[in-house]
Amino acid sequence: MAEAIPLMYGAQSEGRRDDETMRRFRHDRFGQFIHWGLYSIPAGSWNGVTYDYAAEFLPQSAGIGPARWAGLVDDFAAPEFDPEAWASLAADLGARYVTVTAKHHDGFCLWPSSLTDFTVAATPRGRDVIGELVHAYTARGIAVHLYYSVLDWHHPDWRYAISSSQDEEAFDRYLSYAGEQLRELATRYPNVRGFWFDGTWDESVKANGRWSWEIECMLKRLIPGAIVNSRLRADEHGARHRDSNGALMGDYFSGFERRLPDPWDRTVTAEDWEACVTIPQNSWGYHAGAEVARTHKHPLELLEQLVQAVSLGGNLLLNFGPRGDGSFAPFEKDVVHTLGAWLETNGACIYGCGPADGWDYPGWGYYTADAETGAVYAVVTRIPVSGAIALQLPERTRVRNATAVATGRPVPFAVRDDRTVRFEVDRASVIPLAFALEVEQRDDTAEQPEVNPDLAGI
Ligand code: H79
């Protein structure tokens, strides 16, 4: 193995964190992402033209400069905004934590930051949106993480790259500004559980690994146990997410955006990770365009992504983009009802679960396992036309008992051979079917399967 490179600003710890806060985050498995800001008002259209790209990228798509964009501050009245209703929606969804955009790329702050005028305080709504949300979610036992974009299209000192000493001075001022904002957030909202960083891919940011290291230290000093995503971090050589020695920086890998690892890719189970996904093909902020609406995923596709993430030891952060007025669109309420109803009765195979060791990806769905109880779950998301499901057991195990998770009722199964059991599932089911398996070790000394020497080695 190559010798480790000495690093000052690489990973801050080795291996997985195993403190109470991190265990809780891992146990939660399902989070709700909220993208809400000025971009929620034009919702993808400007001067009568609709841009079928991400709504939060409208300033770029439509070529709207920061000054004109800032005019939206006057329109941010959000008469329907009700923090309690948002918290109750998150609970109905079955989300155990919520990650909210405190500041997105446009630089607009949803809290009344003392470091800029470009905040919710300047809007007709006036009040502290982040503060009200932290309060409402926390009161319902839902943990809060704050999203913060380092990239900032509004701040005059932001630079994409550093090509002069003036750039360097400006960008240093910018990094102090961002650092002070983060100190402000951690001080104002000490109950938040973590921070979710974005917009860290530009050369200017990559050249400031030390800043990202110091931010991680500061946040963890102000909020002991705070969780930060790997996207915050770069080391002194500009390596992102993982340092120049390959060690994960931050507390979990956050590079899976609008995609999940392949269902058979066990390598990802070595780290904590979280994938973030959208309901439309590509918009995080609310987009009112008809073309974007045609790309909406079916709620059950999103549910399947959740099961897939858990089967690979990851969390799923499912994005919602509330409308400019503060209400949620009907298609998002459908997602809440479908996922929430399923999780209400089937949550045992999701919360607190992770990969099932020794159980290979079966094609008809996913296995998850609860390390605490030892239960293995078979979640059928692609019912074969025959209704016959074959389970390939790990070596030296047997299924003692199987029950339907939703009802607790026993489920008959047939032992087909030494390593295979077979279920008949309801071919008419319109939702994933979850089965809890009681698995026991098999003593092989008693019953060695017969091996025909003529077939050995085939
Ligand atoms: O907040 C949502 C999006 O608005 C934001 N991230 C999610 C969570 C986002 N910002 N930009 N993008 C998504 C897409 C940008 C991708 C790119 Fe790149 C940045 C292309 C080039 C620079 C990714 C990073 C691919 C190469 C580097």
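To keep things clear, this report deals only with the structure shown in the data block. Owing to the predicted nature of the structure, the values given are computational and were not obtained by experimental measurement. (Residues numbered from 1 in each chain as written. Predicted model: local features only at pLDDT ≥ 70, side-chain atom pairs only at ≥ 80, totals over all residues. Heavy atoms only, no water.)

1. A word on the overall build of the protein chain
Okay, so step 1: In terms of helices and strands, the protein chain carries 11 helices and 17 strands.
Okay, so step 2: For the protein chain, the C-alpha radius of gyration of 24 Å lies close to 23 Å, the compact-globule estimate for 458 residues.
Okay, so step 3: Taken along its principal axes, the extent of the C-alpha atoms in the protein chain is 80 × 55 × 40 Å.
Okay, so step 4: Across the protein chain, the fraction of contacts at a sequence separation of at least 24, relative to all contacts at a separation of at least 6, is 71%.
Okay, so step 5: In the structure as shown, the protein chain presents an accessible area of about 20,000 Å², 50% of it carried by carbon and sulfur atoms.
Okay, so step 6: Taken as two groups, the 42 positive and 64 negative side-chain charges of the protein chain have centres that lie 2 Å from each other. (Helix = DSSP H or I, 4+ residues; strand = E, 2+ residues; numbered from the N terminus. Rg over C-alpha atoms; globule rule 2.2 N^0.38 Å. Contact = heavy atoms within 4.5 Å. Areas by Shrake-Rupley, 256 points an atom, 1.4 Å probe, with all protein chains shown as cover. Lys, Arg positive; Asp, Glu negative; His and termini not counted. Charge placed at Lys NZ, Arg CZ, Asp CG, Glu CD.)

2. What about the site of the ligand?
Okay, so step 1: Around the ligand, the neighbouring residues are Phe33, His35, Glu56, Phe57, His104, His105, Tyr147, Trp196, Asp198, Trp201, Glu257 and Trp284.
Okay, so step 2: Contacts to the ligand include Tyr147, whose side-chain N or O atom sits 3.3 Å from an oxygen atom.
Okay, so step 3: Its residues placed into classes, the shell around the ligand shows 6 nonpolar, 3 polar and 3 charged. (Near = heavy atom within 4 Å. Polar contact = N/O pair within 3.5 Å; in protein donor to acceptor, adjacent residues only side chain to side chain. Nonpolar A, V, L, I, M, F, W, Y, C, P; charged D, E, K, R; others polar.)

3. Brief notes about the pattern of salt bridges
Okay, so step 1: Applying the stated criterion across every chain, the model contains 32 salt bridges.
Okay, so step 2: Two residues, Arg210 and Glu214, come together in a salt bridge whose shortest N-O distance is 2.7 Å. One end of the pair is Arg210 and the other is Glu214, both in helix H8 (residues 209-222) and 4 residues apart, which spans about a single turn.
Okay, so step 3: A relative accessible area of 46% places Arg210 in the partly exposed class.
Okay, so step 4: On the basis of relative accessibility, which here comes to 35%, the residue Glu214 falls in the partly exposed class.
Okay, so step 5: When the shortest N-O distance is used, the salt bridge between Glu440 and Arg400 registers 3.4 Å. A residue pair is termed long-range when its members are at least 10 positions apart, and Glu440 in strand S17 (residues 433-441) and Arg400 in strand S14 (residues 397-404) qualify at 40 residues.
Okay, so step 6: Owing to a relative accessible area of 22%, Glu440 belongs among the partly exposed residues under this scheme.
Okay, so step 7: When salt bridges that share partners are traced, they join Arg16, Asp18, Glu20, Arg23, Arg26 and Asp272 into one network. (Salt bridge = Lys/Arg side-chain N within 4 Å of Asp/Glu carboxyl O. Buried < 20%, exposed > 50% of the residue type's maximum accessible area, 1.4 Å probe, protein only.)

4. Observations concerning the packing of aromatic side chains
Okay, so step 1: Scanning the entire structure with this criterion turns up 32 aromatic pairs.
Okay, so step 2: Summarising the aromatic geometry, the rings of Phe33 and Trp196 are spaced 5.0 Å apart at their centres and angled 50 degrees between planes, so their arrangement reads as tilted. Within this pair, whereas Phe33 is found in strand S1 (residues 30-34), its partner Trp196 is found in strand S6 (residues 194-198), the two being separated by 163 residues in sequence. Trp196 shares its class with Phe33; the two are buried.
Okay, so step 3: Joined through ring pairs, the aromatic side chains of Trp36, Phe76, Phe81, Trp86, Phe108, Phe118, Phe320 and Phe328 make up one cluster.
Okay, so step 4: One cation-aromatic arrangement involves Arg96 over Tyr351; the distance from NZ or CZ to the ring centre is 3.5 Å. (Phe/Tyr/Trp six-rings, centres within 6.5 Å; stacked < 30°, edge-to-face > 60°. Lys NZ or Arg CZ within 6 Å of the ring centre and 35° of its normal.)

5. Examining the nonpolar core
Okay, so step 1: Tyr137, Leu182, Phe195, Phe197 and Leu318 are the most contacted members of the largest nonpolar core, which totals 103 residues.
Okay, so step 2: When residues of this core are assigned to their parent elements, the largest contribution, 8 residues, is made by helix H6 (residues 165-188).
Okay, so step 3: The next biggest cluster of nonpolar side chains, apart from the first, holds 21 residues, and it includes Trp364, Ile389, Val421 and Leu437. (Core = buried A, V, L, I, M, F, W, Y, C linked by side-chain atoms within 4.5 Å.)

6. A short note on the state of the cysteines
Okay, so step 1: Applying the stated criterion across every chain, the model contains 0 disulfides.
Okay, so step 2: Of all cysteine sulfurs, the one in Cys353 lies closest to Cys349, which takes part in no disulfide; the gap is 6.5 Å.
Okay, so step 3: Under the relative-accessibility criterion, Cys349 is labelled buried at 1%. (Disulfide = S-S within 2.5 Å.)

7. Some words on the packing of helix H10 (residues 299-311) against helix H11 (residues 330-346)
Okay, so step 1: Contact geometry for H10 and H11: axes closest at 9 Å, N-to-C directions at 45 degrees. One way to sum up the angle between H10 and H11 is to call them oblique. The element H10 and its partner H11 pack so that their crossing is right-handed. For the pair formed by H10 and H11, the contact residues are Pro299, Leu300, Leu302, Leu303, Leu306 and Val307 on the first element and Asp334, Val335, Thr338, Leu339, Trp342 and Leu343 on the second. (Axes fitted to C-alpha atoms, helices over the stretch in contact; angles between N-to-C directions. Parallel < 35°, antiparallel > 145°, perpendicular 65-115°, else oblique. Left-handed = near helix turned anticlockwise from the far one by under 90°.)

8. Digging into unusual backbone geometry
Okay, so step 1: The backbone of Ala43 shows a phi angle near 50 degrees, a positive value even though the residue is not glycine.
Okay, so step 2: Judged by relative accessible area, which is 4%, Ala43 ranks as buried.
Okay, so step 3: The phi dihedral of Arg258 is positive, around 55 degrees, even though this residue is not glycine.

9. Quick notes on the pairing of strand S8 (residues 253-257)
Okay, so step 1: Taking burial as the measure, the 5 residues of S8 include 4 buried ones, the bulk of the element.
Okay, so step 2: Both S8 and strand S9 (residues 273-277) contribute to a ladder of 3 bridges, which runs parallel. Bridged to Phe256 within S9 is Ala275. (Pairing = 2+ DSSP bridges.)

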